[in-house]
Each structure stands twice: as C-alpha cells, then as structure tokens.
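Letter by letter, the chains look like this.
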Amino acid sequence: MKEIIKNIYYVGVNDRNKTLFEGLWPLPNGVSYNAYLINDEKVCLIDTVEVDFFIPFLENIREVIGDRPIDYVVVNHMEPDHSGSLALLRQFYPNIQIVGNKKTFDMMAGFYKLTDGLHEVKNGDALSLGNHELQFVLTPMVHWPETMMTLCKSGECRVESVELATAHSNAEDATILFSGDAFGCFGALNGAFIDEQMNCDTFWLEMVRYYSNIVGKYGTPVQMALKKLAGVKVDYICSTHGPVWHENVEKVIGIYDQLSRYEAEPGLVICYGTMYGNTERAAEVIARSAAEAGVKNIVMYNVSKTHHSYIIRDLFRYKGLIVGAPTYNTGLYHEMNVLLDELSQKDIKGRLFGWFGSYSWASKAVSEIQKWNDERLHYDAVGTPVEIKQALNSETIAQCEALGRAMAEALKK
Ligand code: FEO
C-alpha cells in the first residue's frame, strides 16, 4: 500500500505503453494517472484512471479497503485519462455518489451516460468524511471548463475558507490539495510516489513540457486559480500526473506561477527547417553571432526532427525566438507552418521574434513567416528578416550576423 499520510493513499497507475499523450505529445518516460483514496468513516476516491488500467486501479483500491464499499468519488477533471474508469467503477460500486460541479455532470452525461447518484458542489462547498473534511475550489480552464480542485484537511484543522492560512507540524493534520492536472508532469512513477522519496531531476523539464503543451494556453485561468489558493498553506500537492509534491510544494507553485505569467529567461530558441543545409547554415551563423554578442542560453532545433512539444517547452523557458525555413510549393515549408500554427494556439505573450527564409527561384518563406506573426503570433519583431536565394553569400551572411546581434541586444533589454 502507498500511504501518503495516515488514511490517505495513492491508488494511481503508470502507463509506459502509450507513445503519444492525447495522441500528440511524446512520452519518453511514460506517464502516471494518479488517483487517491481517503479511508475514513466514509470512503472517498479522488479521481479515477484511464479505463485501460481499471483492473490494476481496482486492485490498488482493494488493497486498502478490501470489501468495504466506496461512498464517494470526487471528479476534479473530466478528461478521460482521469474520468475514464467512472462507468466501470459504478458497476463495481453501485451506490457510489459521484461528486462534481454542474459542468462536470453535463460532460459526464455525454461521455458516460451517468446521470444519477450525483452530488453537485459549488465553489467553497464542503463535504465531511468523518475525520477529514473536503472543500471544493472551482478552477475553470485548468485545464477544462469543469476543472476543480479539492482541499482536504483532517482532524481539528478543518478548512473554514479557502483564504484560511494555517501552519502544520503534525502530518496527520496536514492540508492536502488534490489539484487535478495542475502541478502535474509527464513521467511514470518508478517505485516511489512522493518527491521526498526520489530524485526529481528528470521531472522538472517534463513539468515545463507538460505545462506548456497541455495547460499553456490557459495562463490567465491558472493565475486566477493560484490567487484563489494563495492563502492556503498546503503540505502536499496531489496532482493527477507525476509525483506527490511535499518537499517541493513551493517550487512547483513557483514554476506554475512563472509559466502562467509567461515569464522567461533571456535565452534564444532557434528553429529551422532545411532541405539541403543552406537554411541550416544561416541558422548556424545567426546562433554564432548571438553567442558572440553574449547570449548564453541558445537552443537550436531542426523542426523536422525535434518534436514540437520540446520547442514549445523551450519557448516558455526563453524569451527569444528566431525561425527560418525554405520556400516550398510556393509557400512556407510544411513543418514550419505546423509549428507556427501550434505556437499561435498557445497565446504565449511577451516574446521577441526574428526570422529568415530561403528560396531557389520564387521567394515566399519570409513573407509567409511575417504573415504568421502579423496575424496570429503577435510577438515583438526584432532585427531585419534575412532572405537567402539558393545559398549564403557574403551579403546574406552579414545580414544573418546582424539578426543574431539584434536579438542579443533585445534580450539584454
Ligand atoms: Fe490529465 Fe486534462 O487531463
């Protein structure tokens, strides 16, 4: 059994089989679907797991409560990686009450045709399990409209309001935040499930990639959720993906705060498409020039090789972006179009943007990239775009160097 604190258990599962999360995002280290069980006078599950993992999930539950029935399941989030087992769970526990808000239940009827045995809650509502009291905090768009978080306090330290700030020294009286997707990250849990039991190094960049790819569009709702929780001293954060946070509570809240404010370090992402190396050589000249001008954090990606999720991650980390690509079929190189479309959907604010392009006989790439920025990205344009006919020459090399220097100067400001 995996006990977090007395009578609160981890009952989630690991998925090391899936290649792409949501059919889109690579999972080199797998992913966990976290669920939790509170074993009190009333037994309460917090979230479920993807339906393919129902049997190990059920075994995890029974390991804790044996044949006892479950009284409640709280649905913090309806995306099927967490709600997928609800219909089967109802078959095994026919009297279970499903706890959610109005939007939760609208989705539940559509996804699973579950329309009875529902316990509807509003923001701030409480539910007593005996020695534990739950309080529900609605956090829409972190990551879907129905998302909410559940605060749990035990014993005498019950939650009076979400603004209440208290200190805790006794683990049995700890405040736990069941946070849904928020504060989650990619990566399966390899044995340990609480941060203090593991080396967390592999999770930090995967938290940024998870945030930027999955939740990154919703910076303002994340900020609103953080404000709602600002007065609560949380001892454990139990999200739906990745480790339970205990030693690193402040760190993970800080990461989410920084990312959702679109704050970035003074670094540069250079991303290019290339067919025969001419556009790539321009990227190398730009990078060298930026480095000579003092930019220490430079990452470079071939857009056709590196999955966009890593490029999006790094644009959340760094303030500068320079992209370049060839003209193709009298338009912009396909992979660059896909990347720019994805970036435009993330609404990343406050970034510096330079660009360059190449062509063999008819120029289009440079004007197409400018169109992306004018119409969709709205980043701050830096330097003069470079247009390369066929291969670099002394004139375009000088222009690439000027673009790298201009970005370096803009980053220094
Ligand atoms: Fe892990 Fe938005 O679901």
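Residues numbered from 1 in each chain as written. Predicted model: local features only at pLDDT ≥ 70, side-chain atom pairs only at ≥ 80, totals over all residues. Heavy atoms only, no water.

Draft legend 1. A look at a nonpolar patch on the surface. A surface patch of nonpolar side chains, amounting to about 390 Å² of accessible area, comprises Met-275, Tyr-276 and Tyr-328. Here Tyr-276 is to be found in the loop between strand E17 (265-272) and helix H8 (278-292). Judged by its relative accessible area of 74%, Tyr-276 is exposed. (Patch = residues over 30% accessible without salt bridge, like charges linked within 9 Å, V, L, I, M, F, W, Y side chains within 5 Å. Areas by Shrake-Rupley, 256 points an atom, 1.4 Å probe, with all protein chains shown as cover. Salt bridge = Lys/Arg side-chain N within 4 Å of Asp/Glu carboxyl O. Helix = DSSP H or I, 4+ residues; strand = E, 2+ residues; numbered from the N terminus. Buried < 20%, exposed > 50% of the residue type's maximum accessible area, 1.4 Å probe, protein only.)

Draft legend 2. Layout of empty space enclosed by the protein. In the structure shown here, the tally under the stated rule is one cavity of 30 Å³ or more. Within this model, the largest cavity holds a volume of roughly 30 Å³. Lining the largest cavity are Val-142, Met-149, Ala-182, Phe-183, Val-222, Ala-225, Leu-226 and Tyr-256. With three residues, helix H6 (residues 219-228) is the largest single contributor of residues to the lining of the largest cavity. Here the lining of the largest cavity is built from residues that sort into eight nonpolar, no polar and no charged. (1 Å grid on protein atoms, 1.4 Å probe; cavity = no way out; pocket = protein on both sides within 12 Å on 5 of 7 lines; lining within 4 Å. Points joined across faces, edges and corners; volume = space filled by probe spheres on them. Nonpolar A, V, L, I, M, F, W, Y, C, P; charged D, E, K, R; others polar.)

Draft legend 3. Region of the structure containing the domain arrangement of the protein chain. As far as domains go, the protein chain holds domain 1 (3-260) and domain 2 (269-412). Measuring from the centre of the C-alpha atoms in domain 1 to the corresponding centre in domain 2 gives 39 Å. Between domain 1 and domain 2 we count one salt bridge in total. Linking domain 1 with domain 2 are six residue pairs in polar contact (both at pLDDT 80 or more), by the criterion used here. (Domains from an automatic or database assignment. Polar contact = N/O pair within 3.5 Å; in protein donor to acceptor, adjacent residues only side chain to side chain.)

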